[in-house]
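What the coordinates show
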Amino acid sequence: MKKTSLFALSVFMLSFGGAFAGVGPHIYANTFTANNITAFQHSIMMGAMQTFEGTAAAALAGRRIMQPTKSDNKNVYGTLPMYGRPHLYGEYGDDGTVLTQSGRNGGDAAFNSQPVVNSLWLNWQHFSDDVKFKGYDELESDYDLIMFGLAGGEAQWGIGISEWGLFGGYVGGTQDNNFISLDETGGYVGIYSGYNIQNFNLSLAANAGALYNNADSEYGTDEFANMWAGVAMNATFNLALDDTFTLQPGVYAGYTWIGSSNYISVSGASVANQNFNTFEIAPSLRAIKHIGRGWFGYIGVKYAFMSGHGGTVIADGVEYSELDTRDYAEYGIGIEKSIDRFNVALTLNRRDGGRAGWNGSVTMKYIF
């Protein structure tokens, strides 16, 4: 098969017009949606795992709790014993104290007495950024993620504590430029497992989902679908610099398989799309500060290294070059507040590089 670039394709179309009218930039519609899946897959996995790991309050507390001192009766951090810890993901109440549960001070027996479900949470994320490809015009991308989850099964395991979780949600958005406009709608479900040893946390997650797409171009509207499945790992370590300030270095690693559809375009072209295999590694650093009386603030930065295989497009028997995205950086701020057993967190982030724009999120969590 003949392989050509998008630039050569454009020149060829301009030179020979009508003979190749059925082949144009719209043949990359599946490539655009697949690359968008890799972007929101990162947001899904990180959103779920960070929520399961605990809020900033839990990260700052780590293996430390608020206890009154004899001298001034003010809350300071004290070290927890190896057994009989308060809630692993213990959140701060509105008075700045850690919420504990009855029976938590009995070691392994205490864990056995805990409810099956420890927490419920709901998360909304909105993204507005420009997606940049090598050798092609960028697309404006706007999409939303709505997620929900529950966690439970907290148990002593060796010298650490394990927990499981379930999550799922909806994704919807648009991508467009001068050549094409895409509407994307789908959903996903996933599972989570976490393990904590004092200040070290390891989170593992897997999910699967489907995305239904409408691609509008000068030729009309094409309809096609994508399926995906992925696994991810996030490891963090809490470095307490003082009683109210913690640095949290971490690294995220993920793999996503994306199934692509073959279809006959309204332009008349027979479009065959190769499946995608994408890998991502994203080192990160967060700084978390207890402002006072249950208020927490944090800033964070990460850099996502993207690598992939697949995405070749074959239209009417001609093989066209893959479109590659670039790595990107993300940095932002967040704030959260606990009121009784409810926790609310707000974040605002900026991306630059292969994806450039803004995103924000709201998370609400209830601790049993």
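Everything quoted here is computed from the prediction, not taken from an experiment. (Residues numbered from 1 in each chain as written. Predicted model: local features only at pLDDT ≥ 70, side-chain atom pairs only at ≥ 80, totals over all residues. Heavy atoms only, no water.)

Overview of unusual backbone geometry
With the exception of glycine, the majority of residues adopt a negative phi angle, and the majority of peptide bonds are in the trans configuration. One non-glycine residue with positive phi stands out, namely Asp-316, at about 50°. Tracing the backbone through its elements, the reader meets Asp-316 in the loop between β16 (313-315) and β17 (318-320). At Asp-340, a residue that is not glycine, the phi angle is positive and equals roughly 55°. On the secondary structure map, Asp-340 appears in the loop between β18 (328-339) and β19 (342-353). (Helix = DSSP H or I, 4+ residues; strand = E, 2+ residues; numbered from the N terminus.)

Comments concerning the packing of aromatic side chains
Inspection of the entire model under this criterion finds 14 aromatic pairs. Through successive ring pairs, a cluster of aromatic residues spans Phe-40, Phe-127, Tyr-143, Tyr-188 and Trp-228. Sitting above the plane of the Tyr-298 ring, Arg-286 keeps its charged end 5.1 Å from the centroid. (Phe/Tyr/Trp six-rings, centres within 6.5 Å; stacked < 30°, edge-to-face > 60°. Lys NZ or Arg CZ within 6 Å of the ring centre and 35° of its normal.)

A closer look at the nonpolar core
Side chains that are nonpolar tend, in soluble globular proteins, to be buried together. Counting residues in each nonpolar core, the largest one holds 30 residues, and the members touching the most others are Phe-40, Ile-44, Met-49, Phe-167 and Trp-228. Counting residues per element, this core draws most heavily on helix α2 (residues 29-53), at 10 residues. (Core = buried A, V, L, I, M, F, W, Y, C linked by side-chain atoms within 4.5 Å. Buried < 20%, exposed > 50% of the residue type's maximum accessible area, 1.4 Å probe, protein only.)

Thoughts on the pairing of strand β15 (residues 295-310)
When strand β14 (residues 276-292) meets β15, the two strands line up antiparallel, connected through 14 bridges. Counted as the bridge partner of Ile-288 is Tyr-298 from β15. Between β14 and β15, which pair antiparallel in sequence order, lie 2 residues; one of them, Arg-293, sits at a positive phi of approximately 50°. (Pairing = 2+ DSSP bridges.)

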